[in-house]
Amino acid sequence: MSVTSGDMDARAVAQAGMAALRSGDASSARRQFEQVLAAGKADLGVWYALALACQKLGDMDAMLAAVDKVLEADARHIPSLMLKGDYYARAGDERAALSFYTIVAKFAAQLGQPTPEVAAAAHRAREMKEAYAAKMLAHAMSRLAAAGYRRGQSSERFSHAVDLLSGVRQPYMQQPRSLYFPELPQIQFYPRRDFAWLDAIEAATEDICAELNGVLGSEEDFVPYIQREAARPILDQLNLMDKKEWSAFFLLKDGEPIARNVARCPKTMAAVAKAPMSRVKGRTPSVLFSRLLPGARIPPHHGFLNTRLICHLPLITPPGCHFRVGNDERVWEKGKAWVFDDTIEHEAWNSSNEPRTILIFEIWRPELTEEERKLVAALVESVDEYSGDGKRPWTD
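Report on the accompanying structure.

Calculation rules
- Residues numbered from 1 in each chain as written.
- Predicted model: local features only at pLDDT ≥ 70, side-chain atom pairs only at ≥ 80, totals over all residues.
- Heavy atoms only, no water.
- Axes fitted to C-alpha atoms, helices over the stretch in contact; angles between N-to-C directions.
- Helix = DSSP H or I, 4+ residues; strand = E, 2+ residues; numbered from the N terminus.
- Left-handed = near helix turned anticlockwise from the far one by under 90°.
- Contact = heavy atoms within 4.5 Å.
- Nonpolar A, V, L, I, M, F, W, Y, C, P; charged D, E, K, R; others polar.
- Salt bridge = Lys/Arg side-chain N within 4 Å of Asp/Glu carboxyl O.
- Buried < 20%, exposed > 50% of the residue type's maximum accessible area, 1.4 Å probe, protein only.
- Disulfide = S-S within 2.5 Å.
- Core = buried A, V, L, I, M, F, W, Y, C linked by side-chain atoms within 4.5 Å.
- Polar contact = N/O pair within 3.5 Å; in protein donor to acceptor, adjacent residues only side chain to side chain.
- Expected span 1.5 Å × (residues − 1).
- Phe/Tyr/Trp six-rings, centres within 6.5 Å; stacked < 30°, edge-to-face > 60°.

### As for the packing of helix α5 (residues 78-90) against helix α7 (residues 116-146)
The relative placement of two packed helices comes down to the angle between their axes together with the axis-to-axis distance.
Here comes step 1: Relative to each other, α5 and α7 sit at 35°, their axes nearing to 10 Å. Of the two possible hands of crossing, α5 and α7 adopt the one that is left-handed. Packed against α5, whose contacting residues are I78, P79, M82, D86 and A89, the element α7 presents E117, V118, A121, R124, A125 and Y132 at the interface.
Here comes step 2: Grouping the constituent residues of the contact of α5 with α7 by class yields eight nonpolar, no polar and three charged.

What follows is the structure, encoded as structure tokens:
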């Protein structure tokens with residue numbers, strides 16, 4: 001315990017106060033600390049120790065005044081924040097208590113190696129936070145039920161908002177690696193009902209599967225989804241470069257048909273022709289059979305630009321294959337397509353003993369006008385043209 005360098009009497013008084021506090025003599029400890037304060041020699045440690053002594057004596061007003069002195073000088077002092085949280089908890093102000101427990105948990109998570117005292121405080125803060133949040137949610141759900149809310153029947157977006165408020169889910173936002181188009185909605189999986197043209201593609205599932213089965217034996221035509229380029233730095237952030245754990249049989253790649261593959265899958269091509277595919281010269285669309293081998297995982301990542309959406313049509317989907325976009329995790333079901341925003345963090349994994357294969361293609365975001373689509377294409381194409389050598393300069 002330091003008070004002020006050069007004043008051994010004040011230091012001794014403070015140390016005596018600490019000894020009294022540890023022995024359970026809160027009255028003596030308080031007197032000692034108040035002597036140090038009266039001499040104008042107190043630091044934050046003395047103020048905090050005084051707060052503890054006052055708490056033990058039941059003088060909550062004095063405890064609060066001492067804690068506030070600490071927090072005026074150090075708003076991130078976790079033990080003092082916990083004392084304030086406990087103060088409001090005893091007073092029955094659960095909202096105020098929750099605010100202090102929440103900030104303690106946040107600050108503690110930012111520390112690399114907290115002291116045992118701080119670690120214990122953080123653990124208790126998380127427990128209290130979860131308990132109060134559960135009570136608050138129960139109260140809110142009761143009120144919502146009275147207002148007519150029914151999960152699974154009421155607005156799905158509203159249910160998502162409730163989950164975010166309660167902490168059941170965490171928010172995820174678009175983070176395109178290259179082009180960000182502003183003022184587009186943050187939607188992880190789009191409502192299936194918004195894409196009536198998917199009906200015809202889903203109806204062709206068996207025909208598409210038949211063509212897939214016809215090419216599965218052509219191992220040389222399934223190439224690693226991520227491949228190195230000689231004229232670009234090697235940034236293997238997913239640890240999948242040049243590996244066939246995640247491979248693709250491309251029908252269209254970067255907007256260009258792979259003639260040999262297209263010729264073998266005419267019904268697949270006819271089906272996806274019904275989709276409003278994003279078209280940017282040298283970039284999109286891509287249409288492919290995406291294969292993920294048993295035990296393989298595609299780590300969390302983000303897509304290239306947020307002016308497109310990605311469509312999946314599951315074809316070979318053994319149990320144990322999962323897909324997550326943001327805070328929404330789903331399981332592929334054969335013939336049931338979905339549309340998602342790949343600029344929101346997403347990942348996939350295959351925990352089964354068999355390969356998982358789906359059809360992937362990309363479409364324009366429906367919110368873009370025809371003019372915006374044309375201009376986006378021109379913008380991306382202009383950047384590609386400027387590279388001079390025909391190579392793509394954008395990180396993707």
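From this point, the discussion proceeds with the structure in view.
### Side note on the pattern of salt bridges
It is possible for side chains bearing opposite charge to pair when their charged atoms get close.
Here comes step 1: Tallied over the full model, the rule gives 27 salt bridges.
Here comes step 2: Among the ionic pairs, R30 bridges to D59, the shortest N-O distance being 3.1 Å. Here R30 is found in helix α2 (residues 26-38), whereas its partner D59 is found in the loop between α3 (44-57) and α4 (60-73), with 29 residues between them in sequence.
Here comes step 3: Of the residues examined, D59 reaches a relative accessible area of 27% and is grouped as partly exposed.
Here comes step 4: Among the charged side chains, a network of salt bridges with common partners joins E220, D221, R260 and R264.

### What about the state of the cysteines?
Working definition of a disulfide: a covalent bond connecting the sulfur atoms of two cysteines.
Here comes step 1: All told, the structure shown has zero disulfides when counted by the stated rule.
Here comes step 2: C265 takes part in no disulfide bond, and the closest cysteine sulfur to it belongs to C209, at a distance of 11 Å.

### Overview of the nonpolar core
Most often, soluble globular proteins have nonpolar side chains that are buried together.
Here comes step 1: F33, M63 and I78 are the most contacted members of the largest nonpolar core, which has 37 residues in total.
Here comes step 2: Breaking this core down by element, the ones donating at least two residues are α1 (8-23), α2, α3, α4, α5, α6 (94-109) and α7.
Here comes step 3: When sequence neighbours within four positions are dropped, the list of residues in contact with I78 reads V104, F107, A108, L111, V118 and A121.
Here comes step 4: Counting residues in each nonpolar core, the second largest holds 31 residues, with I201, L212, F249 and M269 among its members.

### Notes on the environment of M63
Here comes step 1: Checked against the element boundaries, M63 lands in helix α4.
Here comes step 2: Spatially, the C-alpha atom of M63 lies 4.3 Å from that of A51, the residues being 12 residues apart in sequence.
Here comes step 3: Once you skip the residues sitting within four places of it in the chain, M63 turns out to touch A51, C54, Q55, L83 and Y87.

### What to know about the side chain of N306
Here comes step 1: Inspection of the secondary structure puts N306 in the loop between β5 (297-301) and β6 (308-316).
Here comes step 2: Here N306 falls in the buried class, since its relative accessible area comes to 0%.
Here comes step 3: A distance of 2.9 Å separates polar atoms of two side chains, one belonging to N306 and the other to Q174.
Here comes step 4: Sequence-distant contacts of N306, that is, excluding residues within four places in its chain, are made with Q174, P176, L179, Y180, F181, L184, T343 and R365.

### A short note on the packing of α2 against α3
Here comes step 1: Close contact between α2 and α3 brings their axes to 9 Å; oriented N to C, the two are set at 145°. Taken as a pair, α2 and α3 cross one another with a handedness that is left-handed. Across from A26, S27, A29, R30, F33, E34, V36 and L37 in α2, the residues of α3 making contact are V46, W47, A49, L50, A53, C54, K56 and L57.
Here comes step 2: Residue classes in the contact of α2 with α3 are distributed as 12 nonpolar, one polar and three charged.

### Things to note about α2
Here comes step 1: For α2, built from 13 residues, the straight-helix expectation of 18 Å at 1.5 Å per residue is met to within 8% by its first-to-last C-alpha distance of 18 Å.
Here comes step 2: Buried residues of α2: A26, S28, A29, R30, Q32, F33 and V36, and no others.
Here comes step 3: Looking one or two residues beyond α2, the residue adopting positive phi is G40, at roughly 70°.

### What about the side chain of E362?
Here comes step 1: Residue placement: E362 occurs in strand β11 (residues 356-364).
Here comes step 2: A distance of 2.6 Å separates a polar atom in the side chain of E362 from the backbone nitrogen of S286.

### A word on the packing of aromatic side chains
Here comes step 1: Summed over all chains, the structure comprises 18 aromatic pairs.
Here comes step 2: With a centroid separation of 6.2 Å and an interplanar angle of 50°, the aromatic rings of F189 and F340 are classed as tilted. In this pair, F189 is assigned in the loop between α8 (156-166) and α9 (198-203) and F340 in strand β9 (residues 338-340), connecting sequence segments 151 residues apart.
Here comes step 3: On the basis of relative accessibility, which here comes to 9%, the residue F189 falls in the buried class.
Here comes step 4: Exposure remark for F340: the relative accessible area of 2% places this residue in the buried category.
Here comes step 5: With centroids separated by 6.3 Å and ring planes inclined at 20°, the aromatic side chains of Y225 and F250 adopt a geometry described as stacked. In this pair, Y225 sits in the loop between β1 (223-224) and β2 (246-253) while F250 sits in strand β2, placing the two residues 25 residues apart along the sequence.
Here comes step 6: The class of F250 is buried, set by a relative accessible area of 8%.

In short, shape yes, function no, at least from these values alone.
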